[in-house]
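The lines below spell out each chain.
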Amino acid sequence: MKSFFGKMYLTLVLIFLYAPIATLMILSFNQSKSRSHWGGFTLEWYTGLFENEEIMAAFRTTIILAFLSALIATILGTAACTGMQFMKKRERSFIMGITNIPMLNADIVTGVSLMLLFIASRVSMGFSTVLLSHITFNIPYVILSVMPRYRELNRSTYEAALDLGAEPVYAFFRVVLPDLMSAVLSGFLMSFTMSLDDFIITHFTQGPGFDTLSTKIYSEVKKGINPEVYALSTIMFLTVLVLLFFVNYKPWGKQPTGQIKVMTKREVIVSSSGRGGRL
Amino acid sequence: MNERRNSFLAAPYLVWSIGFILIPLIYILYFAFTDASGTFTIGNVSAIISYVNIRALMLSILFSIASTFICLLLAYPLCLILTTVTSSSSAFLSLIFILPMWMNSLLRTFAWQNILERKGVINGILLFLHLPPLYIINKPPAILLGMVYDFLPFMVLPIYNSVSRIDKDLINAGRDLGADYFQILKGIIWPLSLPGVISGITMVFVPSLTTFVISDILGGGKILLIGNVIEQLFTQDSDWNAGAGLSAILMIFIVFSMIITAKYDREDIS
């Protein structure tokens, strides 16, 4: 009896979580442009999507931005974690303290603070300011993903490599980095996701004529969203679903040693604090 | 690994984080306490007590208390169920709660307009069941629903983390000593899950307090929260000093919730 109610409750929560997603997917096949009635099944939004230069431009900007910011954040963040291994505990906790600020801060405050920085330094806002901002909020994900792995790392392999005459840089790339790789990749994927989905910080640091998918959607909310946007996000959602499936659930072989995890902002905080505190 | 000079690898990030995390926050304070000509004033910060602003702030606080409370009410039983019902619940849980986040969050919030509107999905179902229709779109309940929808995962994940880590032997010992389910819940599970509950509360409270997107999309632009006021000051009025003044007030709440989180983190370790 208790388990019956449990399952029912679980089902209700699932319906709550997925109702909007199902709605969007259904709308992407709706012939009628009006949201409120069903005009029959169509694929025209899917075919029209690729000819809509405005949406495709916003899509390209979003992907390029996500890729570049994740890449730069991954390099800076991994280097920072490596450097921190050689620091005293006090210096390390100072850096980790700063790292936690963007994670716990409200996005609107982060966005506004960066906007003020750009205004005060008289930088004209556009792709570059958004890129700088995205790198800034992405680095903490990389650090919080890579730092725990460093703690689990066996240092003697690195020292053995040095004893055998390897240059430190060579030893790092041949011995340390392979062990870190899955954590580095997780950090990259998380950064990519955060950048892809960000609206608030982009909203405050963008300039005129610049649009990511999120800002485009926001500007269209009042006048009605083009159904081609539903089609695009349905495609993106299903792509990610398939990718996640292949990355994490390899149906044919054994699991990779270090599983690549994709986590959300808050989950990172939770899991990093779960591992004996955030430094 | 004891060559200290290698710590220079962290230097680029250190410079970056000072330049793009710390200095921008200082700029908020600088703009908050100066006027357009750069002279000192407390007018931007004290503007919070004007009728419009204090009303928006109070409304935001009410909304975020309500959404935090509802999230807690929904999430706690859910976490208890998840630890008992499914065997591989950890993988299952991360899957069901994280998957929705791969669809653009603005679009997901926007989809609630469709579900809630006058001739929307819910009213279609209610009509079919011969029940009276529900008109909540562009009203406070719709905003509250949007907040609960967007931030529920932030409550579920930390609570689930702490509930699933409770030693099963403790619960079994309680049962052997004759405690019924509610005594076990009250005496063992609840106290041990408290750190998760506290971090869940702060994680839902801050984004609910500061949102402007949800109230914009589901409130029809008629309900002003403090986030909306700040957003309009920055993007429509270009009054950066006034916007920074109100942002500085928000920072007080954020710092407060950071302190609470940090305090419970430390207790969690010991």
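Here, the structure is the one placed above.
First, a word on scope: everything that follows refers to the structure included in this document. (Residues numbered from 1 in each chain as written. Chains lettered and ligands numbered in written order. Predicted model: local features only at pLDDT ≥ 70, side-chain atom pairs only at ≥ 80, totals over all residues. Heavy atoms only, no water.)

1. Side note on the nonpolar core
In plain terms, the rule: In this description, a nonpolar core means a group of buried Ala, Val, Leu, Ile, Met, Phe, Trp, Tyr and Cys residues linked to one another through side-chain atoms lying within 4.5 Å. When accessible area is computed with a 1.4 Å probe and restricted to protein chains, residues below 20% of their type maximum are described as buried, those above 50% as exposed, and intermediate ones as partly exposed. Under the scheme used here, helices are H or I runs from DSSP no shorter than 4 residues and strands are E runs no shorter than 2 residues, and both carry numbers assigned from the N terminus. Residue ranges assigned to the domains are those given by an automatic or database domain assignment. Whether two residues are in contact is decided by their heavy atoms: any pair within 4.5 Å suffices.
Ranked by size, the top nonpolar core spans 167 residues in total, and within it Met84, Ile108, Val109 and Ile143 of chain A together with Ile28 and Ile159 of chain B carry the most contacts. Examining the composition of this core, we find that 14 residues originate from one element, helix H7 (residues 140–164) of chain B, more than from any other. Of the domains in this structure, domain 1 (1–42) and domain 2 (61–274) of chain A are the two that each give at least three residues to this core. In contact with isoleucine 108 of chain A, not counting residues within four places along its chain, are Ile200 and Phe204 of chain A together with Thr210, Phe212, Gly227, Ile230 and Leu250 of chain B.

2. A few points about the side chain of asparagine 53 of chain B
Inspection of the secondary structure puts asparagine 53 of chain B in helix H3 (residues 51–85). Residue classification places asparagine 53 of chain B among the buried positions, given a relative accessible area of 10%.

3. Structural notes on the interface of chain A and chain B
The condition is simple: What counts as a salt bridge is simple: a side-chain nitrogen of Lys or Arg found within 4 Å of a carboxyl oxygen of Asp or Glu. Any N or O atom pair separated by 3.5 Å or less is treated as a polar contact, with the protein-specific requirement of one donor-capable and one acceptor-capable atom, and with residues adjacent in sequence counted only for side-chain atom pairs.
The interface is formed by 92 residues belonging to chain A together with 87 residues belonging to chain B. Between chain A and chain B we count zero salt bridges in total. Between chain A and chain B we count eight residue pairs in polar contact (both at pLDDT 80 or more) in total. By residue number, the principal contributor to the side of chain A that touches chain B is helix H1 (residues 2–27) of chain A, which donates 16 residues.

4. A few points about the packing of aromatic side chains
Stated formally: Within 6.5 Å between ring centres, the rings of Phe, Tyr and Trp (the latter by its six-membered ring) count as paired, and their orientation is classed by plane angle as stacked under 30 degrees, edge-to-face over 60, tilted in between.
Inspection of every chain in the model, using the stated rule, returns 22 aromatic pairs over all chains. When the centroid spacing of 6.2 Å and the interplanar angle of 5° are considered together, the rings of phenylalanine 33 of chain B and phenylalanine 40 of chain B count as stacked. Between tyrosine 76 of chain B and tryptophan 190 of chain B, the ring centres sit 5.2 Å apart and the planes meet at 65°, which makes this aromatic pair edge-to-face. Here tyrosine 76 of chain B, found in helix H3, pairs with tryptophan 190 of chain B, found in helix H9 (residues 181–210); they are 114 residues apart in sequence, far enough to count as distant. Given a relative accessible area of 37%, tryptophan 190 of chain B falls into the partly exposed group. Members of the aromatic cluster, connected to one another through ring pairs, are Phe199, Phe204 and Tyr218 of chain A together with Phe212 and Phe234 of chain B.

5. What to know about the packing of helix H4 (residues 89–104) of chain A against helix H1 (residues 11–32) of chain B
What describes two packed helices is the angle between their axes and the distance between those same axes. Quick note on the threshold: The axes used here are C-alpha line fits, helices contributing only the stretch in contact, and every angle between their N-to-C directions lies in the interval 0 to 180 degrees. Note on angle classes: values under 35 degrees are labelled roughly parallel, values over 145 roughly antiparallel, values of 65 to 115 roughly perpendicular, and the remainder oblique. Whether a crossing is left-handed or right-handed is set by the direction in which the near helix is turned from the far one by less than a right angle, anticlockwise for left-handed and clockwise for right-handed. Basically, the charged four are Asp, Glu, Lys and Arg, the nonpolar ten are Ala, Val, Leu, Ile, Met, Phe, Trp, Tyr, Cys and Pro, and anything else, Gly included, counts as polar.
Look at H4 of chain A against H1 of chain B: their axes get within 10 Å of each other, and the N-to-C directions meet at 50°. In terms of orientation, H4 of chain A lies oblique with respect to H1 of chain B. Crossing of H4 of chain A over H1 of chain B shows left-handed handedness. Contacts between H4 of chain A and H1 of chain B involve Phe94, Ile95, Ile98, Thr99, Ile101 and Pro102 of chain A from the first element and Tyr13, Leu14, Ser17, Ile21, Leu22 and Leu25 of chain B from the second. Here the contact of H4 of chain A with H1 of chain B is composed, by residue class, of 10 nonpolar, two polar and no charged.

6. Quick look at helix H8 (residues 168–176) of chain B
At 3.6 residues per turn, the α-helix brings residues three or four places apart onto the same side. By the N-cap criterion, in which a side-chain oxygen at the helix start approaches the backbone nitrogen of a residue two or three places on, H8 of chain B is capped by aspartate 167 of chain B, the distance to aspartate 169 of chain B being 3.1 Å. Phi for glycine 178 of chain B, located one or two positions after H8 of chain B, is positive at around 95°.

7. A few points about the packing of helix H5 (residues 105–116) of chain B against H7 of chain B
Residue and element names in this part refer to chain B. In contact at an axis separation of 10 Å, H5 and H7 are set at 135° when each is read in the N-to-C sense. Judged by the angle between their axes, H5 and H7 are oblique. Considering only the axes of H5 and H7, their crossing is right-handed. Taken together, the residues of H7 that come into contact with H5 (itself represented by Arg108, Thr109, Trp112 and Leu116) are Ala142, Leu145, Tyr149 and Asp150.

As far as function goes, none of this settles anything; it's purely spatial.
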